Structure formats: structure tokens, C-alpha cells
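Spelled out, the chains give:
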Amino acid sequence: MHVEYEEFDSVQDIFSYMASVMPPMKNAMPINYYKGYVFAFIPLTHSNDNVYLMIYTKGTLDGRILEFDISANTYRKVNAIERADKTYFIVITPKRNTIADEAIKKL
């Protein structure tokens, strides 16, 4: 496995990036919060090369579902995914993530 990195200044920057690459007609995506980092892995190849882009920032996330408003560049905790005009992130906080552990070591 090979990981490339792209560091951002804020959680909002990560959400903006993810919202811009999100498939059409999809308004919910997972985001990882683990060991003080907010990040997502994006596969860069479809072959067996296992090359990933890790987009990340240091930060914390509070909440299970976050609603992101792209135009205002803000997010807030919500109880449900309700609006088609908003982008939602499902916060995943694993107990252990071996891929993230290896990637974080190389930062």
C-alpha cells in the first residue's frame, strides 16, 4: 500500500474538498476522526497497486452526522439527513484503524 498526502488547514477545507469530488446525486459521505486527525482516504488507482490519497487535518469532530453548508463554509451537528441541498458527513471513529495508523506514522 502506498499513501500520498494532502494536508488542509481546517475541517471545513476537508469538507469542501470532499463535497467537490462527491458523486452526483449523493449528499452523504463518511469522514474519519481518529487519533486527533480528521481524514478520508481516496483510492487513486483501480488496480492492485493500492495507492491512496489521504486528505487530512488535525482537529476534532463532535457528532455522528454533520450537515455541511458549502456556500457558508460551515457545519453543524444534526440528528438526521433531511435536506437535499446540503452535504452530510457521517463521522466514523474506529477503535482501531491499521491503515490510518501506518499513514499517520509517515506524516
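Residues numbered from 1 in each chain as written. Predicted model: local features only at pLDDT ≥ 70, side-chain atom pairs only at ≥ 80, totals over all residues. Heavy atoms only, no water.

Peer 1: Please clarify how helix α1 (residues 11–21) should be interpreted in this entry.
Peer 2: At 3.6 residues per turn, the α-helix brings residues three or four places apart onto the same side. Within α1 the residues assigned to the buried category are Val11, Ile14, Phe15, Met18 and Ala19. Buried residues along α1 cover an arc of 130 degrees about the axis, so they all sit on one side. Summarising the contacts, the buried residues of α1 are in contact with β2 (28–34), β3 (37–43), β4 (51–58), β5 (65–69), β6 (74–78) and β7 (87–92). (Buried < 20%, exposed > 50% of the residue type's maximum accessible area, 1.4 Å probe, protein only. Helix = DSSP H or I, 4+ residues; strand = E, 2+ residues; numbered from the N terminus. Arc of directions from axis to C-beta. Contact = heavy atoms within 4.5 Å.)

Peer 1: Would you mind going over the pattern of salt bridges with me for this structure?
Peer 2: Oppositely charged side chains can form a pair if their charged atoms are brought close together. Under the criterion given, the structure shown has five salt bridges. A salt bridge links Asp69 to Lys86, with the shortest nitrogen-to-oxygen separation between them at 2.8 Å. Of the two residues, Asp69 sits in strand β5 while Lys86 sits in the loop between β6 and β7, which places them 17 residues apart along the sequence. Considered together, Asp69 and Lys86 belong to a single accessibility category, that of buried residues. With a shortest N-O distance of 3.1 Å, Glu102 and Lys105 are connected by a salt bridge. In this pair, Glu102 and Lys105 are both assigned in helix α2 (residues 98–105), three residues apart and thus about one turn of the helix distant. For Glu102, a relative accessible area of 36% corresponds to the partly exposed category. (Salt bridge = Lys/Arg side-chain N within 4 Å of Asp/Glu carboxyl O.)

Peer 1: Can you help me understand the pairing of β7 in this one?
Peer 2: As a general feature of sheets, a regular strand has side chains that alternate between the two faces. In this sheet, β7 lies alongside β2 in parallel orientation, the contact comprising five bridges. By the bridge assignment for β7, Asn32 is matched with Ile92. (Pairing = 2+ DSSP bridges.)

Peer 1: What exactly am I supposed to notice about the side chain of Asn32 here?
Peer 2: Tracing the backbone shows Asn32 in strand β2. Overall, the relative accessible area of 16% leaves Asn32 in the buried class.

Peer 1: What exactly am I supposed to notice about the environment of Asn32 here?
Peer 2: Linking Asn32 and Ala100, residues 68 residues apart in sequence, is a C-alpha distance of 9.4 Å. When residues no more than four places from it in sequence are discounted, the contact partners of Asn32 are Tyr37, Val38, Phe39, Ala40, Ile92 and Asn97.

Peer 1: Help me understand the packing of aromatic side chains, please; the structure alone is not making it clear to me.
Peer 2: The relative placement of two aromatic rings is captured by the distance of their centres and the angle of their planes. Overall, the coordinates contain nine aromatic pairs when judged by the stated rule. Pairing Phe15 with Phe68 gives two aromatic rings, centres 5.5 Å apart and planes at 65 degrees, and the pair type is edge-to-face. Taken together, the positions of Phe15 in helix α1 and Phe68 in strand β5 put the pair 53 residues apart, joining distant regions of the chain. Under the relative-accessibility criterion, Phe15 is labelled buried at 0%. Given the relative accessible area of 0%, Phe68 is considered buried. (Phe/Tyr/Trp six-rings, centres within 6.5 Å; stacked < 30°, edge-to-face > 60°.)

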